[in-house]
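Geometric and topological summary
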Amino acid sequence: MNRRERAIATAELEMGLADFWHDVDNNWGRKASDYYAPEAVYRSGGLKLEGREAIQGFYSWREDRGARVSIHAFTNFRAEFDDQGGATATWFMLLWAADGEAPLESRVPTRISQATETFRWDETEGRWLCTLRELKNLFRGGDQLNFS
């Protein structure tokens, strides 16, 4: 992969992540499973979800609980590409989230996590699909559900 191809692929991965978090924060994650490959695994602390259906079920469960405000921000995005057409991305997630209606009292992030994701290019869909997301919780604060 040359420098230009790497830059384009990195931008595609980063844009996909931005679209994912936009959907989670503004649409209850109703399209969250589209980000993942059918066989994907999502791990965060004690939480382990396997497959698109289980991942989507998590976001449906959150929506069913009622009013919630969340902001997921990410930074320090970096992607590495292997010789088999796969990719591994690392980034940091900053999460502010609480149950209730906006506006809510401002607080420190409820979580700061280091993320590692693996991807495969899907020719049929013409895009990168996440096969594994692992979140390592580095900081926790405020009121939150315990997934660590």
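Just so it is clear, the model here is predicted, and its values are computed rather than measured.

Quick look at the pattern of salt bridges
Side-chain pairs of opposite charge can arise whenever the charged atoms involved come near each other. Within the structure shown, the criterion is met by 12 salt bridges. One salt bridge in this structure joins arginine 65 and aspartate 99, with 2.5 Å as the shortest N-O distance. Placement of arginine 65 in the loop between α2 (52–64) and β3 (68–81) and of aspartate 99 in strand β4 (residues 86–99) is noted, with a sequence separation of 34 residues between them. On the basis of relative accessibility, which here comes to 33%, the residue arginine 65 falls in the partly exposed class. Here aspartate 99 falls in the partly exposed class, since its relative accessible area comes to 44%. With its nearest N and O atoms 2.6 Å apart, the salt bridge here joins glutamate 80 to arginine 78. Looking at glutamate 80, the relative accessible area reads 36%, which means it is partly exposed.

As for the sheet that holds β3
Across the sheet, 6 strands lie side by side as β2-β1-β6-β5-β4-β3; this open sheet has mixed pairing. Looking at strand neighbours, the two that pair on one side only are β2 (47–50) and β3, the edges of this open sheet. Neighbour to neighbour, the strand axes of the sheet diverge by 15° on average, direction disregarded. Of the pairings in the sheet, the one linking strand β1 (residues 36–44) to β2 comprises 4 bridges and is antiparallel in character. Bridged to tyrosine 42 within β2 is leucine 49. Taken strand by strand, helix α1 (residues 3–27) contacts β1, β3, β4, β5 (111–122) and β6 (127–140), and its axis lies near 165° from that of β3.

A look at the packing of aromatic side chains
Inspection of the entire model under this criterion finds 14 aromatic pairs. When the centroid spacing of 5.9 Å and the interplanar angle of 85° are considered together, the rings of phenylalanine 20 and tyrosine 36 count as edge-to-face. Here phenylalanine 20 is found in helix α1, whereas its partner tyrosine 36 is found in strand β1, with 16 residues between them in sequence. With respect to burial, phenylalanine 20 and tyrosine 36 carry one shared label: buried. For the ring pair tyrosine 35 and tyrosine 36, a centre distance of 5.3 Å and an interplane angle of 85° mean the geometry is edge-to-face. By the burial criterion, tyrosine 35 is buried, and tyrosine 36 matches it. Counting every residue linked through ring pairs, the aromatic cluster contains Phe20, Trp21, Tyr35, Tyr36, Tyr42, Phe58, Tyr59, Trp61, Phe74, Phe77, Trp91 and Phe119. For the cation-ring pair, arginine 133 lies above phenylalanine 20, with the distance from its terminal atom to the ring centre recorded as 4.6 Å.

Quick notes on the environment of arginine 107
Take arginine 107: it is sitting in the loop between β4 and β5. By relative accessible area, which is 44% here, arginine 107 ends up partly exposed. Residues arginine 107 and glycine 51, spaced 56 residues apart in sequence, show a C-alpha to C-alpha distance of 33 Å.

Focus: α1
For α1, which comprises 25 residues, the first-to-last C-alpha distance of 35 Å matches the rise-based estimate of 36 Å (1.5 Å per residue) to within 8%. Within the span of α1, buried status applies to Ala9, Thr10, Leu13, Leu17, Phe20, Trp21, Asp23 and Val24. Residues of α1 that are buried sit in contact with β1, α2, β3, β4, β5 and β6. You can read the cap of α1 off the contacts: a side-chain oxygen lies 3.0 Å from the backbone nitrogen of arginine 4, and it is on asparagine 2. Where α1 ends, the next residue or the one after it, tryptophan 28, has phi of about 60°, a positive value.

Scoring rules and cut-offs
Residue positions within a chain follow its written sequence, with the count starting from 1. Thresholds applied to this predicted model are a pLDDT of at least 70 for local features of residues and 80 or more for the giving and counting of side-chain atom pairs; totals over whole chains, interfaces and linings are not thresholded and use all residues. In computing side-chain values, all of the structure's heavy atoms are included and hydrogens and water are not. Any Lys or Arg side-chain nitrogen located within 4 Å of an Asp or Glu carboxyl oxygen qualifies as a salt bridge. By the criteria applied, helices consist of DSSP H or I runs no shorter than four residues and strands consist of E runs no shorter than two, each listed in order from the N terminus. Exposed residues in this analysis have more than 50% of their type's maximum accessible area, buried residues have under 20%, and partly exposed residues fall in between, with area computed by a 1.4 Å probe over protein chains only. Only strands that DSSP links by at least two bridges are regarded as paired with each other. Between the N-to-C directions of two axes lies an angle of 0 to 180 degrees, each axis being a line fitted to C-alpha atoms and, for a helix, fitted only over the stretch in contact. Residue contacts are counted whenever heavy atoms from the two residues lie within 4.5 Å of one another. Each pair of aromatic rings taken from Phe, Tyr and Trp, with Trp reduced to its six-membered ring, is defined by centres within 6.5 Å and is described as stacked if the planes are under 30 degrees apart, edge-to-face if over 60, and tilted in the remaining cases. Each ring is checked for a lysine NZ or an arginine CZ that lies within 6 Å of its centre and within 35 degrees of its normal; such an atom marks a charge sitting over the ring. Given a helix with a known number of residues, its expected span is that number minus one, times 1.5 Å. We define a polar contact as two N or O atoms separated by no more than 3.5 Å, with the added condition that, inside protein, one atom must be a possible hydrogen donor and the other a possible acceptor, whereas residues neighbouring each other in sequence contribute only through side-chain atom pairs.

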